[in-house]
Amino acid sequence: MDQTYWNPNKGKNRRWQTWGLTLAMLAVLLVAFLFWKPLGENTVQADFGDSSLSLASPDGSVSHEIFYLNVESVELAILTDYGTQLSGTSDGSCVFGLYHRDDYGDYWLFVNTNVTYCMLVTEKDGTVTAANFGNENVTKETVTAFEELVSEAQG
């Protein structure tokens, strides 16, 4: 014979479990909200003008302009060793500023370190600039588009 007893605490345990789970989920969401940065917030700011490409850090503290007529070469490169930072800023996964490498000398760097590829531009005066844009596909497409702008300007 089955006997069922009345338990006055039966609903209370379930209620506490529900409240505990709800509070844990709210805590996780709060922490994620406080530390999450929207995608694109810390990417290179690029302005493709009629005669030049202007690059800048998100806060505008670091900037460099490349005139299409002054471009000697453009290539897609993998750049993992940035060299020594001479000036500029870095914010987690993004670095912006003037750097030095033995093979480039002093050069401009505008990259998100999570993106493998970068556009490497060498100007006629020897100035080198490395930049990437959003992700690898966007960077590859930007290199192609930039080459076309340079070709058109240099006619």
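Look above for the structure.
About the criteria used
- One numbering rule holds for all chains: residues counted from 1, following each sequence as written.
- For a predicted model such as this one, the threshold for reporting local features is a pLDDT of at least 70, and the threshold for listing and counting side-chain atom pairs is 80 or more; totals across whole chains, interfaces and linings nevertheless cover every residue.
- Where side-chain values are given, they derive from all heavy atoms of the structure, hydrogens and water being excluded.
- Each Phe, Tyr or Trp ring, with Trp reduced to its six-membered ring, pairs with another whose centre is within 6.5 Å; inter-plane angles below 30 degrees give stacked pairs, above 60 give edge-to-face pairs, and intermediate values give tilted ones.
- Counting from the N terminus, the helices are the DSSP runs of H or I reaching at least four residues and the strands are the DSSP runs of E reaching at least two.
- Burial classes follow relative accessibility: with a 1.4 Å probe on protein chains only, a residue under 20% of its type's maximum area counts as buried, one over 50% as exposed, and anything between as partly exposed.
- Here the expected span of a helix is defined as 1.5 Å times the quantity of residues minus one.
- Directions drawn from the helix axis to the C-beta atoms are what define this arc.
- We call two residues in contact when some of their heavy atoms are within 4.5 Å.
- Side-chain atoms alone can form a polar contact between residues adjacent in sequence; in general such a contact is a pair of N or O atoms within 3.5 Å, and within protein one must be able to donate a hydrogen while the other accepts it.

Draft legend 1. A look at the packing of aromatic side chains. Applying the stated criterion to the full structure yields six aromatic pairs. On the basis of an interplanar angle of 70 degrees and a centroid distance of 5.8 Å, the ring pair of Tyr68 and Phe146 is categorised as edge-to-face. Here Tyr68, found in the loop between strand S3 (63–67) and strand S4 (71–78), pairs with Phe146, found in helix H2 (residues 136–154); they are 78 residues apart in sequence, far enough to count as distant. The same class applies to Tyr68 and to Phe146, which are both buried. In this structure an aromatic cluster arises from ring pairing among Phe48, Tyr68 and Phe146.

Draft legend 2. Main features of H2. Counted at 1.5 Å a residue, the expected span for H2 with its 19 residues is 27 Å, and the 27 Å between its end C-alpha atoms agrees. Looking at H2, one finds that the buried residues are Thr139, Thr142, Val143, Phe146 and Val150. All buried residues of H2 lie within an arc of 110 degrees about the axis, which places them on one face of the element. In H2, those exposed residues whose orientation departs by more than 90 degrees from the buried face are Asn137, Glu141, Glu148 and Glu152. The elements touched by buried residues of H2 are strand S1 (45–48), strand S2 (52–56), S3, S4, strand S8 (117–123) and strand S9 (128–131). The backbone nitrogen of Asn137 lies 3.0 Å from a side-chain oxygen of the residue at the head of H2, namely Asn135.

By themselves, these observations are geometric and do not establish any function.
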